[in-house]
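Summary of the model geometry
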Amino acid sequence: LNSFRAKEKQPVDAEESDEIAASDKICELFGKVKALSGSVRVLIPQSIYSAACYETVEQFEKLGARVTLFPLSDKNHDAFAKEVANTDILWIPDGNISYSFMSASLMHPSVESAINLLRRRRGIIYGSGSGFAALVMSGIMGIDLGKAGF
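Heads up: these notes are all about the structure in this document. Note that the coordinates shown come from a computational prediction; the quantities given were computed from them, not determined experimentally.

**As for the overall build of the protein**
- Tallying secondary structure elements over the protein gives six helices and four strands in all.
- In the protein, the order of α-helices and β-strands from amino to carboxyl end is α-β-α-β-α-β-α-α-β-α.
- Taking all 150 residues of the protein together, the buried fraction comes to 38%.
- Considering only intrachain contacts with a sequence separation of at least 6, the fraction spanning at least 24 residues in the protein is 72%.

Written out as C-alpha cells, the structure reads:
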C-alpha cells in the first residue's frame, strides 16, 4: 500500500503509515467518547527524561480535548492514579517510557484501582508500540501470555 501525506503528497514509510493508522483509530475512539461525555480528558504519561508525542497532543487538542502530560516517575504513582481516575482516555505512546517501567507502574495498587474505575466508566485505554507491550505485560489487555508464547 502506498500512503501519502495529505498536504505534501509524498509517500510515507511503513512506520509512519502505522502512526497515521493509529491516529485515525484514536480520532474514531475520541469521537465515541466525546459523544458520550461532551468533553474529553486525555492522559498521556511520559518519562521525566523524554519528550511526549506532541503531534498527537496537537491532534487531541484540535478535536477539543483537554490533554494532560504526566511526568511519571517511581515516586509519584499515587498522583498518577488520581489523574487516571479523572480521565476519559489513557493513551500510552510508543517510545515514551520503557515498557517494563510502565508495566510496573500500571500494576501499582493505587494505579490498578484507578484503571478499574476508568474501565467501569467505559473509558478508553490505548497503547501503541511499547505502550501496548506495557498494557499486555501488566495484564490490562487480558491476554494469557503463556498461550501467546511469552
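Now that the structure is up, let's keep going.
**Overview of the packing of helix α3 (residues 77-85) against helix α5 (residues 109-120)**
- In the contact formed by α3 and α5, the axes pass within 8 Å of each other and the chain directions differ by 0°. With respect to their mutual orientation, α3 and α5 come out roughly parallel. Taking contact as the criterion, the partners of H77, D78, F80, A81, V84 and A85 in α3 are, on α5, S110, V111, A114, I115, L117 and L118.
- Looking at side-chain class alone, the contact of α3 with α5 contains nine nonpolar, two polar and one charged residues.

**Regarding the nonpolar core**
- F80, V84, L90, M102, L106, I115 and I125 are the most contacted members of the largest nonpolar core, which has 20 residues in total.
- Elements supplying a minimum of two residues to this core: β2 (66-72), α3, β3 (89-92), α4 (99-106), α5 and α6 (130-138).
- Not counting residues up to four positions away in its chain, the partners in contact with M102 are P45, L72, F80, I92, I97 and A134.
- If you look at the next biggest cluster of nonpolar residues, it comprises 11 residues, including V40, V57, W91 and I124.

**A few points about the pattern of salt bridges**
- Taken as a whole and assessed by the stated rule, the structure comprises two salt bridges.
- Close ionic contact of R41 with D88 constitutes a salt bridge, the shortest N to O distance being 3.1 Å. Within this pair, whereas R41 is found in strand β1 (residues 41-47), its partner D88 is found in the loop between α3 and β3, the two being separated by 47 residues in sequence.
- Using a relative accessible area of 28% as the deciding quantity, one classes R41 as partly exposed.
- With relative accessibility at 9%, the residue D88 sits in the buried group.
- The salt bridge partner of R121 is D88, with a shortest N-O separation of 4.0 Å. Of this pair, R121 sits in the loop between α5 and β4 (124-127) while D88 sits in the loop between α3 and β3, placing them 33 residues apart in sequence.
- On the basis of relative accessible area, R121 is assigned to the partly exposed category, the value being 34%.
- One salt-bridge network, held together by shared partners, links R41, D88 and R121.

What counts, and where the lines are drawn
- Residues numbered from 1 in each chain as written.
- Predicted model: local features only at pLDDT ≥ 70, side-chain atom pairs only at ≥ 80, totals over all residues.
- Heavy atoms only, no water.
- Helix = DSSP H or I, 4+ residues; strand = E, 2+ residues; numbered from the N terminus.
- Buried < 20%, exposed > 50% of the residue type's maximum accessible area, 1.4 Å probe, protein only.
- Contact = heavy atoms within 4.5 Å.
- Axes fitted to C-alpha atoms, helices over the stretch in contact; angles between N-to-C directions.
- Parallel < 35°, antiparallel > 145°, perpendicular 65-115°, else oblique.
- Nonpolar A, V, L, I, M, F, W, Y, C, P; charged D, E, K, R; others polar.
- Core = buried A, V, L, I, M, F, W, Y, C linked by side-chain atoms within 4.5 Å.
- Salt bridge = Lys/Arg side-chain N within 4 Å of Asp/Glu carboxyl O.

So, to be careful, I would describe these as geometric facts and stop short of saying anything about function.
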